[in-house]
Amino acid sequence: MYCEVIFFLSFKNSFTYAVPADLQDSIKFGVRVLAPFGKRTLTGLCVKTKITLSGIESEKVKEIFDVVDTSPILSKKDFELYEWMAEYYLCSTGEIIRNATPHGTDIQSIRRITSDTAFCSQLLLGEKASSTKGKILSILSERDNITLKQLQKMVKKKNLYGLLRTLQLEGAITIIDELSKAKVREKTQRYVKLKYSVEDVYNIIPEIERRSPKQVVVLLKMIEYRQAGISLKKLLDETKVNAGSVATLAKKGILALYQRSVERRYKETYENDIPDFTLTEEQSKLYDSVLSAIEQNTFKTFLLYGVTGSGKTFVYLELAKKVIAAGKSVLVMVPEISLTPQITSRFVHIFKDNVVVLHSRISPGERFDAWNKVVQGKAKIVIGARSALFAPLQNIGLIVVDEEHDASYKQNDTVPKYNARDAAVVKGKIYNAPVLLGSATPSIESMFNAQQGKYELLELRERVDDAQLPEIRLVNIVEEKKQKRMFNVFSKTMLDMIGDRLQKKEGTIILQNRRGFSTSVYCFDCGEIEMCENCSVALVHHINQHQLQCHYCGFTKPVPKQCSKCGSFSIKYFGTGTERVEDELSFYFPEASLHRVDSDAIAKKGSLGNILNNFRNGQIDILIGTQMVAKGLDFPRVTLVCVVSAETNLWMPDFRADERTFQLLTQVAGRAGRASAAGEVLIQTQNDKSPVLRKVIENDYMGFFNRELINRERLHYPPFVKICLIETKDLDEHKAKGAIAEIHAELVKNKRPLIITPPTTAILARLKNEYRYQILIKSPRTSDASGAIMRNAVMDAIKKFQGKSKFKDVRVIFDVDPQTLM
Ligand code: ADP
Ligand code: ZN
Ligand code: ZN
């Protein structure tokens, strides 16, 4: 018997191994195996079992050492998704799976064995001491806790899983998975329960009372809990006796002490009740459309384009209720961090324990427990950021991607560079479940798909309760400056309005999409800008920590007194970050309570929730922040939104710069005004004629979309072409450059209709000390709708490059459908 194995490495192919007779019962799809690979032993995943192989083939085949799991670590459907992702994002299926599973895929170092020593020594009597099983038992009858690695060393054998599994079935040991780095394992607590019947306890009390009244206190308490048990800690707290009394009672066999696993749960500090509600007429119509797809179990993608405050979340909630009632599960994806508190609290409020939360701010232990809860089917709703895509939900009835346009759905910092929104659509297809993409500012791609009939467009044009969209005004800071109406970063107009809200006790949100104090530091005499030592970017001044920081690699250095190039003392600070906005505001409004929300300010777990709670109930007057304050927050008391500078994104040399600016400004404007109070939005800009800004103030998404679409077509950008960015990266500039040149040479030999740009340095030419070179490839949608032609061309070229180049060890990174070209 043979099996096909893939490894969690960048090899795209699978490998065939023979399965020894004693493992043939355990091998099946989806279990991990240990297999020899060159000189190493690797953990892989069995993706297929087959009975035969031709004679010649079978001669070369090696045997797997062991089978690791009793049940598959992933379902066939999820595997199908991961294969699609690997093909589409130009990586191996193994790399996707490594990315997807929270406890890691290499299990060698992460298994621990706990044993019942007495039982092991009993079993040992029936075994030959020199056999492997005998050796294991003799070790485990002396030690009740050992890592697999230690055990393998002591037995001098690697393939112990088969035996250990048998021992586990016999009840002699427990095998525990443990994250080697994060030290995650099941959390247990000592529990106590009654072994005697209540009647027997009453019978012995008089006798015990004579010698130890304290033990009686314990027993009386235990009668309340009986066989259900109570945690030892709680018992001691409640009875105020010491552990010795409990131990004595356990020794007598009246009580039993045991370990019980306890669940770690992420607790959101943000809390919000939601009122009882019935869907509005507009919401119900839309609800019905999606519901019919849910009831028919058909895959279909809906694009829900609903203005800010139209109640998209409420539609999700109602749909989820139906899906859960039908016994199926729901996946809800939200952008990273900021949105999570409010939408999560709404889901938790309604579905309670049936919800698990997965995002980057939960601890590894909480993630581990959440994951297991989903595997066991105890939670049927998963809500989370990008990685929630991989949650092992089965029988999915609905997938929601909220704020589908958000850039955080794309994994950008590490490979594979997948887009969770797009993969979610494929997941829906595999599970025959409808997918609902929601946004007030849909991405150009999604709206285009809707126009092409690929997605069904659903619209919510009205805010709930006749609330009006806010009035948006631009303030031209060039003009204001001429009229001496600028006070550092603020115009008089803006300061006056903020002052007005403070007086009325209404909430204000201020957006400045840059962290730090000043975004660059330069010398007035020689023009030198303080740069990062590892990256080609300017250092940002963080006044609270008294240092300059690189936002790409974390490099820091003290604030210089002198120019590092010419020694001049004329150091100037340029560009405005959130810290500076905060600083200036507290100068103008010393009595106001303000709070900053950016990744620096909310680094501590739970702090964001607390800030939001205080902002909602009026203890905080003004919230200042980066794009984190722009998304999804819904606070009726906010009547003013100020944007300090509209230009922070617009200048970026990127084809999505206009789209990002439109989205950010429309989203942040949407935070102002609800039914009870009208909202106003003030945007400071250097160019109030900018067509993008005009569309923002006119609240004209479709106008913006149509204009942007014309530009994209003219300049050959998505959605009219599929694009792929190839990047080479190396500490040695010469190597990175050499590699990209050779890849380019291979690519242009290709006869397929592709647009291939000549190699260039990336805009951020050096990051974390590595030099970066790029090629951009475009493939027209008309001839290559799925992008397969483009991907094949890339893979062909890379194969040839890696086959012969002296630069073949240079890292090559693929970004299919890149969010940014920087
Ligand atoms: P969106 O996500 O579309 O911006 P939300 O889902 O946050 O909007 O809803 C905006 C506000 O409208 C919320 O404060 C919510 O309480 C209210 N709301 C939405 N739908 C209803 C409804 N059917 N009945 C009553 N209030 C609603
Ligand atoms: Zn200088
Ligand atoms: Zn840096």
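Placed above this text is the structure.
Asker: Would you mind going over the coordination of the zinc ion (ligand 2) with me for this structure?
Answerer: Six octahedrally arranged donors around a metal ideally form angles of 90 or 180 degrees; four tetrahedrally arranged donors ideally form angles of 109.5 degrees. Taken together, the protein donors to the zinc ion (ligand 2) comprise Cys523 (SG), Cys526 (SG), Cys563 (SG) and Cys566 (SG), at separations of 2.3 to 2.4 Å. With four donor atoms in place around the zinc ion (ligand 2) and angles of 107 to 114 degrees between them, the coordination shape is tetrahedral. Each donor residue of the zinc ion (ligand 2) belongs to the same chain, with the gaps between them written as C-x2-C-x36-C-x2-C. Given the relative accessible area of 1%, cysteine 523 is considered buried.

Asker: What's the story with the site of ligand 1 in this structure? I'm lost.
Answerer: Neighbouring ligand 1 are 16 residues, the closest being Thr278, Gly309, Lys312, Thr313 and Asp634. A distance of 2.9 Å separates an oxygen atom of ligand 1 from a polar atom in the side chain of lysine 312. Between an oxygen atom of ligand 1 and a side-chain N or O atom of arginine 346, the distance comes to 3.0 Å. For ligand 1, the protein covers 83% of the area, taking 570 Å² as the surface of the free molecule. Broken down by element, the shell around ligand 1 gets its largest block of residues, three residues, from helix H13 (residues 312-325). Residues that form the shell around ligand 1 fall into these classes: five nonpolar, eight polar and three charged.

Asker: I'm lost on the coordination of the zinc ion (ligand 3) in this one. Help?
Answerer: Protein-derived coordination of the zinc ion (ligand 3) comes from Cys532 (SG), Cys535 (SG), Cys550 (SG) and Cys553 (SG), at a distance range of 2.2 to 2.3 Å. Considering all four donor atoms around the zinc ion (ligand 3), the spread of angles at the metal, 103 to 115 degrees, places the coordination shape in the tetrahedral class.

Asker: Is there a simple way to explain the pattern of salt bridges in this structure?
Answerer: A side chain with one charge may pair with a side chain of the opposite charge, provided their charged atoms come close. A complete count under the given rule lists 43 salt bridges for this structure. Where lysine 133 meets glutamate 170, a salt bridge forms, and the shortest distance between an N and an O atom there is 3.7 Å. Of this pair, lysine 133 sits in helix H5 (residues 132-140) while glutamate 170 sits in the loop between helix H7 (161-169) and strand S9 (173-177); the two residues are 37 residues apart in sequence, bridging distant segments of the chain. Using a relative accessible area of 35% as the deciding quantity, one classes glutamate 170 as partly exposed. With a shortest N-O distance of 3.5 Å, glutamate 224 and lysine 221 are connected by a salt bridge. Taken together, the residues glutamate 224 and lysine 221, both in helix H9 (residues 213-225) and three residues apart, mark about one turn of the helix. According to the relative accessible area criterion, glutamate 224 is exposed, its value standing at 55%. Connected through shared salt-bridge partners, Glu445, Arg656, Glu659, Glu708 and Arg712 make up one network.

Asker: What should I look at first to understand helix H25 (residues 701-714) in this one?
Answerer: An α-helical segment advances 3.6 residues per turn. Residues three or four places apart therefore align on the same side. Taking 1.5 Å as the rise per residue, H25 with 14 residues should run 20 Å; its terminal C-alpha atoms sit 20 Å apart, in good agreement. Residues of H25 that are buried include every one of Tyr701, Gly703, Phe704, Phe705, Glu708, Leu709, Asn711 and Arg712, and no others. Packed against the buried residues of H25 are strand S13 (301-306), helix H17 (444-451), helix H23 (657-669) and helix H24 (691-697).

Asker: How should I be thinking about the sheet that holds strand S2 (residues 15-18) in this particular structure?
Answerer: Pairing between the strands of a sheet comes from backbone hydrogen bonds, and it takes one of two forms, parallel or antiparallel. Overall, mixed pairing links the six strands, which are arranged S5-S2-S1-S4-S3-S6 in an open sheet. Two strands bound the open sheet, and with one partner strand each, they are strand S5 (62-63) and strand S6 (66-67). As defined by bridge partners, strand S1 (residues 2-7) adjoins S2 across four bridges and the pair is classed as antiparallel. Bridging from a neighbouring strand, cysteine 3 pairs with tyrosine 17 of S2.

Asker: How should the nonpolar core be read in this particular structure?
Answerer: The nonpolar side chains of soluble globular proteins are, as a tendency, buried together. In this structure, Met85 and Leu389 are the most contacted members of the largest nonpolar core, which totals 116 residues. Broken down by element, the residue count for this core peaks at seven residues, all from helix H16 (residues 420-431). Not counting the four nearest positions on each side in its chain, leucine 389 is found in contact with Leu81, Met85, Leu331, Met333, Tyr418, Ala420, Ala423, Ala424 and Lys427. Core analysis: the second largest hydrophobic core is formed by 33 residues, Phe302, Val315, Ile324 and Val332 among them.

What counts and what doesn't
Residues numbered from 1 in each chain as written. Chains lettered and ligands numbered in written order. Predicted model: local features only at pLDDT ≥ 70, side-chain atom pairs only at ≥ 80, totals over all residues. Heavy atoms only, no water. Donors = N, O, S within 2.8 Å, 3.2 Å for Na, K, Ca; no water. Tetrahedral: all angles 85-135°; square planar, octahedral: opposite > 155°, others 65-115°. Buried < 20%, exposed > 50% of the residue type's maximum accessible area, 1.4 Å probe, protein only. Near = heavy atom within 4 Å. Polar contact = N/O pair within 3.5 Å; in protein donor to acceptor, adjacent residues only side chain to side chain. Areas by Shrake-Rupley, 256 points an atom, 1.4 Å probe, with all protein chains shown as cover. Helix = DSSP H or I, 4+ residues; strand = E, 2+ residues; numbered from the N terminus. Nonpolar A, V, L, I, M, F, W, Y, C, P; charged D, E, K, R; others polar. Salt bridge = Lys/Arg side-chain N within 4 Å of Asp/Glu carboxyl O. Expected span 1.5 Å × (residues − 1). Contact = heavy atoms within 4.5 Å. Pairing = 2+ DSSP bridges. Core = buried A, V, L, I, M, F, W, Y, C linked by side-chain atoms within 4.5 Å.

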